[in-house]
Amino acid sequence: MHTRQDPVQPSPRRFRRAVLSAALGLLVPAFAGVVASAPAQGVTVPVMAAGGDHSCALAAGGSVWCWGHNGAGQLGVSGINESTAPVQVPGIPPAIGLAAGSNHSCSIDTANNMWCWGSNAFGELGNGTTATHSAPVQVKNIRGLQISAGEGLTCAVNLMHKADCWGDNDFGELGDGNTNNVSVPHLVSGLTNVQAVAAGYFHACALLTGGAVWCWGDGSFGDLGNGTASESNVPVPVIEGGAIAIAAGFDDTCAILTGGDLQCWGDNGDGELGTGNLNDALVPTQVVGFTSGVQQVTMGLESACALVGTPVAAWCWGDSGGHGDLGNGNFNQTTTTPTRVFGLQAPPSGGPGGPVQLAAGNEHTCAVLQSAQVKCWGYGFYGQIGDGADLDRAIPAPVIGLPGAPAASYQVSSGGWTSCAVSTGLNLSCWGADPGNGSLNTPNPAAVPVPGLPPGQVGQVSAGYGGCAVTLSGAPWCWGYNFDGEVGNGTTTDQGSPAPVSGLPSVESISNGGLHVCAQVFNGGARCWGLNTNGDLGDGTTTSRDTPVQAQGLPNNLAQIAAGGDQTCALLKTALVKCWGTGSSGELGNGSTSNHSSPVSVKGLPGVVQIALGWDFSCALTTFGGVSCWGDNADGELGNGTTSNSSVPVGVSGLSSGVVAIAAGDVSACAVLQSGQVDCWGGGLSGQLGDGSFTGSTVPVTVSGFTSDGASIGLTAGGQTGCSLDATETAQCWGSNFDGQVGNGTLSDTDTPSVVTGL
């Protein structure tokens, strides 16, 4: 999406290796482990692999999809430097196995042939050459059962249950008794009955039948786990027996033992061994608190993650690297003991939210859920999160664009008189008035495709009185009501079809408040346009704008921007919230009822991971999974059992934990719980609480007969219609339907969810 230089610098402990790798590519670990708990019945889940700054998934039917950095062709396609959403790798047979290394990727086909693509400076593609290939090439002289890719090397378990490695061998990481690079598979010396291999940066390990673990290569930080800090070009024994899974990181290794005991060894300068200290470990050492119940482990550059317990939950530890690598909502944290990843735990009763696999890359990690949804978090500079942006994510974000059912969507958004959904194929459809198909002020009770946008390239939508969309290239488009310049194209004439927003650099996300719109610009803070009577745009004035202006007093890099009816808020990467615009009902959360045309800090909030703004109230989701709201409360939109306004955040009744996503509309708000249950509160005269009634509630009530996909809920300020994706990622809506914004083919309000037709 952007042309820029990678800002990441290695820590001083890694200087020796960073210098060596400067001409070779990016620092990277590899993934090796086991798939944990079973998926939901009848659901085929993807298999994930995460590399240096790219990610790959093996989808149903054996197709392979990759996203992120493509400087060496590691996505398996040519002509692009990166992709912020998955692209299919062409030219390979259906796959049954997958691996991602620093700058290369590999798969195993149904005939056990192996294919690799990307960087090949050391022969890591295994085709007998050192030429880079952006299209898959077949690995020579091997058929295999499992494959693992590291930095400049690849290892595999062959059909005879022996280990082969190829590529870089400066530290003996090929395990063949010498230090010569090879461009075709070579047997690792002396190993038989091999069940799994894990390739790290300059070392590799094997798991044998009976649970023995052997390692080889560089051991400078105790990587080999044999009690020394020496390298070895042949395997050395680490664990005599009882291991059931292994994973190799940058210069460290972990093994799961029988019963789920997790032990790690090697470099620990960032707490990535999880041992409660920063001391390197030359032999396997206990991860704090994980003496049983560990189902899978994966290792990154300066962090590690595991699936643990029943019901299963995801945990990470180490250094977040300033990018949110730990997934717990904190962009900047180092912890030497495990911390739970936000929202990635199965509810006690089961449901779609539980993770079944983790895969750690350089400074990002991805999870596959029981529902087949894939989420990633951490460093997003090259699009490796896969959510259509180049942003870092401190909590898991859904990957967009992987194959789905014909009617499936990955995002839904409802606004004042328009609702929209983005399909899994990344095309946009809308319904209601002003759906973007050229018609204005005409009800459309079923979804219609929005023309004029690049096909298969829509990354995000935010509905309002019309809507706004962002393509994968970062181009913002808006349409609909434009009296105050809400379309942002330099006019105040209503637009029936999408028009490019004027004068904006490539944007990462967009939020439509109905009468004004704000966009998050990479390394450029927030730009806003539209109605500005009360300082809604944050530019220090009250002058409405028909083209974007810069919001003042914000850092360049934001976690989120959200536009409300007459106010706007930004979530900073420090987990603090700043708001501006109308404050007459306390919606700015700063303890006053004054308007502010530039940002002010919200008081009394703990760490925040998401914000959602209604017409004249605001809400935040905390790192603990709790919800707090502030502002107008005439219809109970603060959810605290009263109708009294509050100029500071108050907790929503019964939602102090367990919430994974929030959204706010005109006079109501909703929350998605970990179980997939959706609760709503506030005004309900149009049925927008979805509980089977047309009455409001000052405390949360449950949407009837509906289970969310565990992440998606879409309401926008000004709207009295709620929409969400159900557990099958089918869009359903409820509430006000005067303009057909429920999308069920009628113009009658509905108090329970209805499936959107026409998608």
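Everything that follows concerns the structure shown earlier in this document.
Residues numbered from 1 in each chain as written. Predicted model: local features only at pLDDT ≥ 70, side-chain atom pairs only at ≥ 80, totals over all residues. Heavy atoms only, no water.

**Points about the sheet that holds strand 22 (residues 313-319)**
Keep this limit in mind: Think of it this way: DSSP has to see at least two bridges between two strands before they count as a pair. Numbering goes from the N terminus for both helices and strands, where a helix is a DSSP run of H or I of at least four residues and a strand is a run of E of at least two. Geometry is summarised by axes, namely lines fitted to C-alpha atoms with helices restricted to the contacting stretch, and by angles between N-to-C directions that run from 0 to 180 degrees.
Taking strand neighbours across the sheet as the criterion, the four strands line up as 20-21-22-23 in an open arrangement whose pairing is antiparallel. For this open sheet the edge positions go to strand 20 (294-299) and strand 23 (334-345), each flanked by a neighbour on one side alone. With strand direction ignored, the average angle separating the axes of adjacent strands in the sheet is 20 degrees. In this structure, strand 22 lies alongside strand 23, joined through five bridges in antiparallel fashion. Bridge pairing links C316 to T339 in strand 23.

**Brief notes about the state of the cysteines**
To be explicit about the condition: Disulfide assignment relies on a single distance test, namely cysteine sulfur atoms paired within 2.5 Å. Per-residue accessibility, obtained with a 1.4 Å probe over protein chains only, is compared with the maximum for each type, and a residue is labelled buried under 20%, exposed over 50%, and partly exposed between these values.
Summed over the entire model, instances satisfying the criterion amount to 14 disulfides. One disulfide bridge connects C205 with C215, the sulfur atoms lying 2.0 Å from each other. On the S-S bond that ties C205 to C215, the torsion sits near 105 degrees, and the link is right-handed. One end of the pair, C205, is in strand 13 (residues 203-208); the other, C215, is in strand 14 (residues 213-217), and ten residues separate them in sequence. Considered together, C205 and C215 belong to a single accessibility category, that of buried residues. In this model, C569 is linked to C579 through a disulfide, with the two sulfur atoms separated by 2.0 Å. In this structure the cystine formed by C569 and C579 twists about its S-S bond by roughly 105 degrees; its chirality is therefore right-handed. Taken together, the residues span a long stretch of sequence, with C569 in strand 41 (residues 567-572) and C579 in strand 42 (residues 577-581) at a distance of ten residues. Judged by relative accessible area, which is 0%, C579 ranks as buried.

**A look at the pattern of salt bridges**
To keep it simple, the criterion reads: In the sections that follow, a salt bridge refers to a side-chain nitrogen of Lys or Arg positioned within 4 Å of a carboxyl oxygen of Asp or Glu.
In total, this model carries three salt bridges according to the counting rule given. D387 serves as the salt-bridge partner of R393, at 2.6 Å between the closest nitrogen and oxygen. Across the pair, D387 and R393 agree in class, each one buried. The residue K573 makes a salt bridge to D392 at a minimum N-O spacing of 3.1 Å.

**So, the nonpolar core**
Nonpolar side chains in soluble globular proteins tend to end up buried together. Quick reminder of the rule: Residues grouped as a nonpolar core are buried Ala, Val, Leu, Ile, Met, Phe, Trp, Tyr and Cys residues, joined through side-chain atoms within 4.5 Å. Throughout, a contact is declared for two residues whenever any of their heavy atoms are within 4.5 Å.
With 33 residues, the main nonpolar core has V213, L262 and W265 as its most contacted residues. If you tally residues by element for this core, the top one is strand 16 (residues 243-248), at five residues. With residues up to four places along the chain from it excluded, the contact list for L262 reads C254, A255, I256, T285, Q286, V287, F290, V294, V297, A306 and W317. Of all hydrophobic cores here, the second largest spans 30 residues; its members include C116, I147, V194 and W216.

**So, the environment of C733**
By secondary structure assignment, the location of C733 is in strand 54 (residues 731-735). On the basis of relative accessible area, C733 is assigned to the buried category, the value being 0%. When the C-alpha positions of C733 and A50 are compared, they lie 35 Å apart, and in sequence the two are 683 residues distant. Those residues within four positions of C733 in sequence are excluded, and the remaining contacts are W431, T721, G722, C723, Q741, V742, T750, T752, P753, S754 and V756.

**With respect to the packing of aromatic side chains**
To keep it simple, the criterion reads: Put simply, two rings from Phe, Tyr or Trp (the six-membered ring, in Trp's case) pair if the centres are within 6.5 Å, and we call them stacked under 30 degrees between planes, edge-to-face over 60, tilted for the rest.
Here the structure, examined in full by the defined rule, presents 13 aromatic pairs. Each residue in the set F171, Y201, F202 and F250 is aromatic and connected to the rest through ring pairs, giving one cluster.

**Here's the deal with unusual backbone geometry**
With omega at 0 degrees, the peptide bond leading from T310 into P311 counts as cis. Tracing the sequence through the fold places P311 in the loop between strand 21 (303-308) and strand 22. Even without a glycine there, the phi angle at D434 is positive, about 55 degrees. Within the element layout of this structure, D434 appears in the loop between strand 30 (428-432) and strand 31 (448-449). Overall, the relative accessible area of 2% leaves D434 in the buried class. Despite not being glycine, N523 has its phi angle at roughly 55 degrees, a positive value. Checked against the element boundaries, N523 lands in the loop between strand 37 (516-521) and strand 38 (526-530).

**Here's the deal with the side chain of N127**
Let me state the cut-off plainly: N or O atoms closer than or at 3.5 Å make up a polar contact, with two conditions inside protein: a donor-capable atom paired with an acceptor-capable one, and, for residues adjacent in sequence, both atoms drawn from side chains.
With respect to the helices and strands, the residue N127 is situated in the loop between strand 7 (113-118) and strand 8 (133-149). Separated by 3.4 Å, the side chains of N127 and N120 make a polar contact. Those residues in contact with N127 that sit more than four places away from it in its chain are N120, H133, V137, Q138, K140, S183 and V184.

**Some points on the pairing of strand 28 (residues 409-414)**
Burial analysis of strand 28 places six of its six residues in the buried class, which makes it a mostly covered element. The pairing of strand 28 with strand 29 (residues 418-423) spans five bridges and is antiparallel. Across the sheet, Q411 pairs through a bridge with V422, a residue of strand 29. As consecutive antiparallel partners, strand 28 and strand 29 are separated by three residues.

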